[in-house]
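Coordinates in review
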Amino acid sequence: MGLRLLLVGASLVHAYEPKFLDLPSSMQHAPEDPCYGAYFASSSSDTDIVDSVAWNSYLDCKLLQYEGEAVEKVMYLGDSNMDYWASSYGVGVNVGASGATCFGVDKHAQKVLDAVHPETVILHCGTNDIWAEQGVEATFASLQSVLAQLLAFPSVKKVLYISTVPEPGLIKYYGQGIVNLMHMEYNAYDALVKQAVAGNDRVQYLDAHNSFLAAGNPLWLYAADEMHLSEHGYDVFEALVSAANKDGCAYLICSPKHPARHLLFMADQASYIQPMVCRCAS
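Cut-off values and rules
Residues numbered from 1 in each chain as written. Predicted model: local features only at pLDDT ≥ 70, side-chain atom pairs only at ≥ 80, totals over all residues. Heavy atoms only, no water. Axes fitted to C-alpha atoms, helices over the stretch in contact; angles between N-to-C directions. Helix = DSSP H or I, 4+ residues; strand = E, 2+ residues; numbered from the N terminus. Parallel < 35°, antiparallel > 145°, perpendicular 65-115°, else oblique. Contact = heavy atoms within 4.5 Å. Nonpolar A, V, L, I, M, F, W, Y, C, P; charged D, E, K, R; others polar. Buried < 20%, exposed > 50% of the residue type's maximum accessible area, 1.4 Å probe, protein only. Pairing = 2+ DSSP bridges. Salt bridge = Lys/Arg side-chain N within 4 Å of Asp/Glu carboxyl O.

Right, let's talk about the packing of helix H4 (residues 102-116) against helix H6 (residues 136-152) for a bit. Direction vectors running N to C along H4 and H6 enclose 10 degrees, while the axes themselves pass 8 Å from each other. What the angle tells us is that H4 and H6 run roughly parallel. Taken together, the residues of H6 that come into contact with H4 (itself represented by Cys 102, Phe 103, Val 105, Asp 106, Ala 109, Gln 110 and Leu 113) are Thr 139, Ser 142, Leu 143, Ser 145, Val 146, Gln 149 and Leu 150. Partitioning the contact of H4 with H6 into residue classes produces eight nonpolar, five polar and one charged.

This is the structure we're talking about:
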């Protein structure tokens, strides 16, 4: 495969308008989202989304927004990194939910498939399972069950699975030692997923974790909480999906087009716009 360059950035991805940059995690749903209040009102905490009643009501509300519309080709499924993604990849149905686990996605996958009938599913989950100390094997088992449901559904032609990302903000809450262990679990989980889908033409593993590390895992890839993604973090997600569809590339090395401007991001996150150049590394 020859070297392929992708130029991504807010000025170049015309339909991409990130909605949640630099907001606290508890405020990262769009203010106009009519489902947000009902979702958390029926949940005992911001992370208690394994609760079937809470997530069921949230999905019911979200799916009602698409009722009567044409069948969408793309569905975004998983945790907050899906929920907060305003993607330019294609018009689709976003049923991501903040705090979602693979265990929870497994419980509700059939419901959203029956409602949406997608052709492509962009899937990202597992981080919250590991945070909840479910362990690598149990998290992987939940993901396998999700993938089995997706691949068995007649309309689904392709699943793009996006790996974990190495969030630097975890250090604030858990300390470096715990975070090192948590990231080891991320790596072990990612390795199991990558091995499991290897050779499956309908599932592609997109290595966001190593793509972020290859860029140096800088803070400008993350929102203010340093756990959720900034506009630039989503630029990497966009580039991964784009490269996967065009080149079969799963791993990118991305850097700002103008590296000398790095410090501007730290000084003025809200107005900073920095296109990035990404190249396929596999």
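Before going further, it helps to examine the pairing of strand S2 (residues 74-78). Among the five residues of S2, five are classified as buried, and the element is accordingly described as predominantly covered. Here three bridges tie S2 to strand S3 (residues 92-94), and the two strands are oriented parallel to one another. Note that in S3 the partner of Met 75 across the bridge is Val 93. Where S2 and strand S4 (residues 120-124) come together, five bridges link them in parallel fashion. Within S4, the residue paired with Val 74 across the bridge is Thr 120.

Now for the pattern of salt bridges. If you walk through the whole model with that rule in mind, you get one salt bridge. Lys 157 is the salt-bridge partner of Glu 119, the closest N and O atoms lying 3.9 Å from each other. A residue pair is termed long-range when its members are at least 10 positions apart, and Glu 119 in the loop between H4 and S4 and Lys 157 in the loop between H6 and strand S5 (158-162) qualify at 38 residues. Given a relative accessible area of 56%, Lys 157 falls into the exposed group.

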